[in-house]
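Spelled out, the chains give:
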Amino acid sequence: MKRSLTALSGALALLAGATAFAQGGLTVPKTVQAGSAFSIESTGGGQATLYIVGPQQVMRREVQLGAAISIPEGMLYNAGRYTVFVSTAPNDVASLEVTPAKVSELNFLARPSRLAVGLHNGITGAVYVFDSYKNLVTEPTQISFSLTTPSGASASRTEQSKNGAAWIAMDSSAKEGAAHFVAKAADVSTTRIIGQVPGDPCSLRMTAKPSGKKITLETEPVKDCSGNAVPDGTIVTFTATYGGGQTTVDVPLKRGVAKVEMPAYPGANISVASGVVLGNQIHWGR
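Residues numbered from 1 in each chain as written. Predicted model: local features only at pLDDT ≥ 70, side-chain atom pairs only at ≥ 80, totals over all residues. Heavy atoms only, no water.

Asker: Where do I start with a nonpolar patch on the surface in this structure?
Answerer: Together, Leu-109, Tyr-128 and Leu-136 make up an exposed nonpolar region whose accessible area comes to about 240 Å². Summarising the element assignment, Tyr-128 is placed in strand β11 (residues 123–130). You can call Tyr-128 partly exposed: its relative accessible area is 36%. (Patch = residues over 30% accessible without salt bridge, like charges linked within 9 Å, V, L, I, M, F, W, Y side chains within 5 Å. Areas by Shrake-Rupley, 256 points an atom, 1.4 Å probe, with all protein chains shown as cover. Salt bridge = Lys/Arg side-chain N within 4 Å of Asp/Glu carboxyl O. Helix = DSSP H or I, 4+ residues; strand = E, 2+ residues; numbered from the N terminus. Buried < 20%, exposed > 50% of the residue type's maximum accessible area, 1.4 Å probe, protein only.)

Here it is, written out as structure tokens:
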């Protein structure tokens, strides 16, 4: 009887040792870059199922305990915290942090697509930084912004991203035309086109000459305050005030100037305006 109990105790101890050996343990890297290959060290022996559970991603594979477990490149690609365990020891849990890979894509939002020249902080840009697996790169990243006009003039500034985003406001340039608004991080860049159009007329000046019983009024070429030609179609208003009466004519710019014929009222005061901009005045006749 004593021999039987001794044999049974030995068998149970051997079984317990075998079970502990089969369970094993895992040594997991603290951090792994998204998409990178890595290995997990295991102890024990026998077959088991490895589980790696993380944000929107679960990996399951059969492994041999007691050897290094290789995880190929591209298997874990969603950034975040993962839980790692084997089926033989589900309560022995390890953690693994998958970090974003290097910057691969810039999501660049530029507003507006069209604006007047010479506006302070008139152009805004927001950049969101992503890796090749669409993870938001939250590590601070230097983002350079540049705005280049057709004439080659350029303005540039650098901002550091915070929590994966960077924002900037820049002045529109003094010259009209399609400006290239570029955001760049390391060797990754993206471009948006900003249409810069002339601003409001800066000054108006007209001349008058007789034309029979009428007066021919004509402006000099109408430009904005930066010297850009104001677009054809812009309305210019001529007003003649005389003897208690008034005549007003609206004329669109054509080839940069506005021209009109009005009755020649003796003693009339004639003015010109476009929007809120007033030009010179002419006193006609007596």
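Asker: Even after reading the chapter, I still don't get the nonpolar core, so can you show me in this structure?
Answerer: What tends to happen in soluble globular proteins is that the nonpolar side chains get buried as a cluster. Within the largest apolar cluster, 22 residues are counted, with the highest numbers of intra-cluster contacts made by Leu-26, Ile-40, Leu-50, Ile-52, Val-84 and Leu-96. Of all the secondary-structure elements, those providing two or more residues to this core are β3 (38–42), β4 (47–54), β5 (57–64), β6 (69–71), β7 (80–86) and β8 (89–99). Per element, the largest residue contribution to this core is four residues, and it comes from β8. Judged by nonpolar contacts, the second largest core, of 21 residues, contains Leu-115, Ile-168, Met-170 and Ile-194. (Core = buried A, V, L, I, M, F, W, Y, C linked by side-chain atoms within 4.5 Å.)

Asker: Honestly, the pattern of salt bridges in this entry has me stumped. Any pointers?
Answerer: A side chain with one charge can pair with a side chain of the opposite charge if their charged atoms come near. Throughout the structure, instances matching the rule amount to five salt bridges. Close ionic contact of Glu-62 with Arg-60 constitutes a salt bridge, the shortest N to O distance being 3.7 Å. Glu-62 sits in the partly exposed class, given a relative accessible area of 49%. Under the relative-accessibility criterion, Arg-60 is labelled exposed at 56%. Here Arg-205 and Glu-220 are joined by a salt bridge, their closest N and O atoms 3.9 Å apart. Taken as a pair, Arg-205 in the loop between β17 (201–203) and β18 (206–211) and Glu-220 in the loop between β19 (214–219) and β20 (223–224) lie far apart in primary sequence, 15 residues in all. Look at Arg-205 and you get partly exposed, because its relative accessible area is 47%. Classification of Glu-220 by relative accessible area gives partly exposed; the value is 40%.

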